[in-house]
Structure formats: C-alpha cells, structure tokens
Amino acid sequence: MEHTWFSLIPFLIVIGMSIWIKNILPGLVVGLLVSSFLVSAHFLGGSHQAVTYIVTTLSNETNMKIIVFLYLFGGLVGMMNISGGIKGFSEWMGTKIRTERGLLGFIWLTLPFTFMMPMFRIMMIGPVVKALAKKINIPKQKVGLTMDISTESVIVLLPVATAFVGFMVSLVEGSIRGLHIGQSAYQIFLLSILFDFFAITMLVIGLIQTLWSPSRKSQDTRLNNEQELLEEEHEFHRMGIKRELSLVQSQPWNLIFPVFLLLGLSLFLLWKDGTSKGAKTVFDAFSKADATFVMLLAVFITLVLSFAFYILRRLPLNEILYHFYDGGNQMMEAISMLVLIWSLTLAANDLGFSTFISSTLGSFLPPFLTPATIFLLGSLTGYFIGSSWGTWGLFMPLGISLASATDASIPLTVGAVFASGAFGALASPLGDTTITTASILDMPLIDYARYKLKVSALGGVIAVVLYLVCGFFIS
C-alpha cells in the first residue's frame, strides 16, 4: 500500500476516543477495525484482517510469555492480599509513628513490601496512613501526594519484579521490530530508566518534602487500634474491595516471604541467564538475558513456593485459589490493552506508519527536539486519559519510529515516553491512583488533582529542560 497519512488515522482515532470517553480500550478496538478496513477495503475482508492481527499477536511466543507473566503476577498479588501480610506490617509500624516526618518516612518505608503494583500498594497502606494522619493532624493532600509519588514515580523506575516491567519491555519489543536497532528490548528499557526524568524529578521532590517536614508530635500519642481497624474496614467496603481484606489476620511473613523470594529470584535468574550467554558484568548480564522468560520463570517459582508456604501456614485452600484467580482476572484489562496495542501496531506497519513518519516528521524535526516533543505530546494525552499504560501503548510506536527517523537517541526517547505516562498517571484527575488515594483519604477529587497538578507541572518543566539538554548532547 502507498505510504500516506492514512497510517495516522488509527492512532488519531484511539487518542481522540480515549480523551472523549476517558477509556482507551474502546478506542483501541475501533482503531484496530478501522486500520484493518484500510488494509482490506471491504467489511468481510476487514473483519478477517482484524482477527488475523489478533491471532498473529497471540501466536507470538514472546507475547504469550508476557501475557502469562501478567496473569500469574496478578494472581500472586491476589494471594498476598488475602494473606494479611501488608496489614500486619503496617499495623506494627503504625504503633511507632509519632511525628509528621515519621509518617511520611513510613510511607516510603513500605516500598520494599508493596512495590509490585500501584493499586495494591495504595489500597494496602492507605487506611493505616489515613488513621495515622488524623492522629498527627497532617494535611491530607500532603500525605496523599507522598503516597502517590512514592508509588507511580518509583515503580516505573524499577527494572524487575513489578507488573509494569513486563508491559513496558513488551511495548519496546513490539516497537523496535524491523528497525534493526542493534539492542535488545530489555537493554533499551534498562537504559531508558536513566532518562525517565519526570519520575526521577518527582522522586527527588517527594524525598525533599519528607525530609523537610516538621517533627512536631501529635497531642494524643495513644493509637486506638480498634477504631483504626473499624475505619480501615469501612474504607475497604467503600472502595469496593472484598470484605475479606478488612477481616484477615495480620501476618507480616505472608508478605515478606513472597516479596523477597520474587525479587531475589528475578535478580539471580537474570544474572545467571546473562552469564550463560557470555556476559562478564552484572549490567551486561541483565542486557543479554532473556528478560521476558526470566520474569515469567521467577514469578512461576515464587507462586508455587508461596502457595505451599500459605498451605503450611493453614490458610484455607479455597480462599487462596479464589484470590489467585481474582488477582489474575484484575490484570485482564491490561492484558486486553496489550493484545490490542500489539495488533494495532501490526496494522499500522502494514499501512506504512514507520515509513510515513520517516518521510514527514523525520525529515525536518531536529534530533535533539524529538524526546522533548514526545514527552510533551504524551503528557498532554496522558493527562486527559489518566492512564500510564494507555499513554505508553499509544506513544511507544510513534516515539521509536520518530527517533529512528531523526537519528535521536532511542533510550532517551523511550525514557520520554515512559515519563509522559508517569506524568499522566500522577497529575490526571482520571488516574487510578489519584481517584483511589482521594477516596481513601476522604479528599475532594478535583481539589486534590489540582494540588497535585501544581507539583507535577514543576516536575514536567524540569523534565522538558533535561530532555532538551540531553537531546542536544546525546544526539
């Protein structure tokens, strides 16, 4: 097919519908159908083409590894939810918090135990943090901002053992196919972490806010544990979380065991797989390892051993299985989004998307402007759709194609794509973390979103400057 502006139509449809209806999935379906009809210009042929793209996507071995990883990972988180691990840890730490700085520090301290998924982290620590904030009389917006920064701006920077990693690597993998980049998808992902300037900037802002917080003590240092538990139960009910989560017994080891097992296995298997392929250093090993399979293997082993661990600790078998499937099913939206994005990318390639970008934007956009341009466009879109996953899926093919066409740095541009999604998730009033945090802490959503936007805008401006400077020197 002639390479024309038609190749932009599917992406424009997805972006427009996502902003209009505040959800990316319907836009992806319509975008895939339209692009399929453009490839095969009649109804039956277009429908056949759309299904062919989906089947081709699901037939890819790497894609299936990612899908299985995401489902098993969600199942593991579901099992940890019902086991009472984070609840026990949070309650134990809560008895020792007496100052504002101590509470904000506590939020950061929970990271090693809750970093796997943003919503998991916020829903598990939120009710305890709310009770402590009321006790110490800290402004809720400040507490909420610290929770959200320590969630979104940290999890996107972690290279292993999070639900984000598999999704992010798979987007890079799909976008570099056929471009002869010369680097593996995981290697590009690792390098891009250094260039996620928005997340890094917000991380620094969050830490400064925590360290500069006053050390004033609450007037009432006695914590009423019974009242706190009642509030926590009510919050879980109001958030639509199953009643079991507010009634489970506190068992810190039920969280510590699977978390550190998953983290240790991920790092060890990445190193082992990389060294078996001739790597001499740790970073080289991570770059050469088959990260997709290693992550799947690590979560599978962790799941099996954690299941046995919970059975030995006499958790009911039917509850473990129920929450495994419940956790896995909660990942189905992300899995569906990923399958549709992969399929849409195949259709866009058939329409000549990469060639069109090279012959238009790639012919006049200076290389040093590419990362900053992608960050600005992605941040604007991410703010309106409120989804980091959706923003990454929309802009990764565009970003990598544009970077390849303009000879801009691929890792720097990929970092800009991930940064734009982080901006949207943190600043948007439609973001899952924004809505959940505001709801748990009883804050007006729009007021809280405006408060976060002021701080996020500062981080965004700093990020743009850094992308311009790095784009100039690296390109």
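These numbers were taken from a predicted model, which means no experiment stands behind them.

Let us look at helix H6 (residues 100–109). Where H6 is concerned, the buried positions are Glu100, Leu103, Leu104, Phe106, Ile107 and Trp108. Put simply, Thr99 is the residue that caps the front of H6, since its side-chain oxygen is 3.0 Å from the backbone nitrogen of Gly102.

Right, let's get into the nonpolar core. Here is a general trend for soluble globular proteins: nonpolar side chains tend to be buried in one another's company. By size, the foremost hydrophobic cluster in this structure holds 112 residues, and its most contacted members are Leu28, Val172, Tyr186, Phe198, Trp392 and Tyr467. Other than its neighbours up to four places away in sequence, Tyr467 contacts Phe195, Asp196, Phe197, Phe368, Pro371, Ala372, Phe375, Leu412, Gly415, Ala416 and Ala419. Judged by nonpolar contacts, the second largest core, of 20 residues, contains Ile107, Ile138, Leu441 and Met443.

Moving on: the pattern of salt bridges. On inspection of all chains with the given rule, the structure shows 5 salt bridges. When the shortest N-O distance is used, the salt bridge between Lys452 and Asp148 registers 2.8 Å. With Lys452 in helix H26 (residues 445–474) and Asp148 in helix H9 (residues 140–155), the pair connects residues that are 304 residues apart, well separated along the chain. Measuring nitrogen to oxygen at the nearest pair gives 3.3 Å for the salt bridge that ties Lys277 to Asp273. Exposure remark for Lys277: the relative accessible area of 44% places this residue in the partly exposed category.

Turning next to the packing of aromatic side chains. All chains considered together, the criterion is met by 15 aromatic pairs. Ring geometry for Phe197 versus Tyr467: centroids 4.8 Å apart, planes at 55°, classification tilted. With Phe197 in helix H12 (residues 197–211) and Tyr467 in helix H26, this residue pair connects regions lying 270 residues apart in the sequence. Each member of the pair, Phe197 together with Tyr467, is buried. For the pair Phe472 and Phe473, a centre-to-centre distance of 5.4 Å together with 90° between the ring planes defines the contact as edge-to-face. Through pairs of rings, three or more aromatic residues link up here, namely Tyr186, Phe189, Trp392 and Phe418.

What counts, and where the lines are drawn
- What you see as residue numbers is a count from 1 along each chain, following the sequence as written.
- Note on the predicted model: pLDDT of at least 70 is required for a residue's local features to be given, and 80 or more for side-chain atom pairs to be given and counted; whole-chain, interface and lining totals, by contrast, use all residues.
- Neither water nor hydrogens contribute to the side-chain values; these are computed over all heavy atoms in the structure.
- Burial classes follow relative accessibility: with a 1.4 Å probe on protein chains only, a residue under 20% of its type's maximum area counts as buried, one over 50% as exposed, and anything between as partly exposed.
- By the criteria applied, helices consist of DSSP H or I runs no shorter than four residues and strands consist of E runs no shorter than two, each listed in order from the N terminus.
- In protein, a polar contact requires one atom able to donate a hydrogen and another able to accept it; more generally it is a pair of N or O atoms within 3.5 Å, and residues adjacent in sequence count only if both atoms are side-chain atoms.
- To define a nonpolar core, start from buried Ala, Val, Leu, Ile, Met, Phe, Trp, Tyr and Cys residues and group those joined through side-chain atoms within 4.5 Å.
- Contacts: residue pairs with any heavy atoms within 4.5 Å of one another.
- For this analysis, a salt bridge means a side-chain nitrogen from Lys or Arg found within 4 Å of a carboxyl oxygen belonging to Asp or Glu.
- Classification of ring pairs rests on two measures: the distance between centres of Phe, Tyr or Trp rings, Trp counted by its six-membered ring, which must be within 6.5 Å, and the angle between planes, read as stacked under 30 degrees, edge-to-face over 60 and tilted in between.

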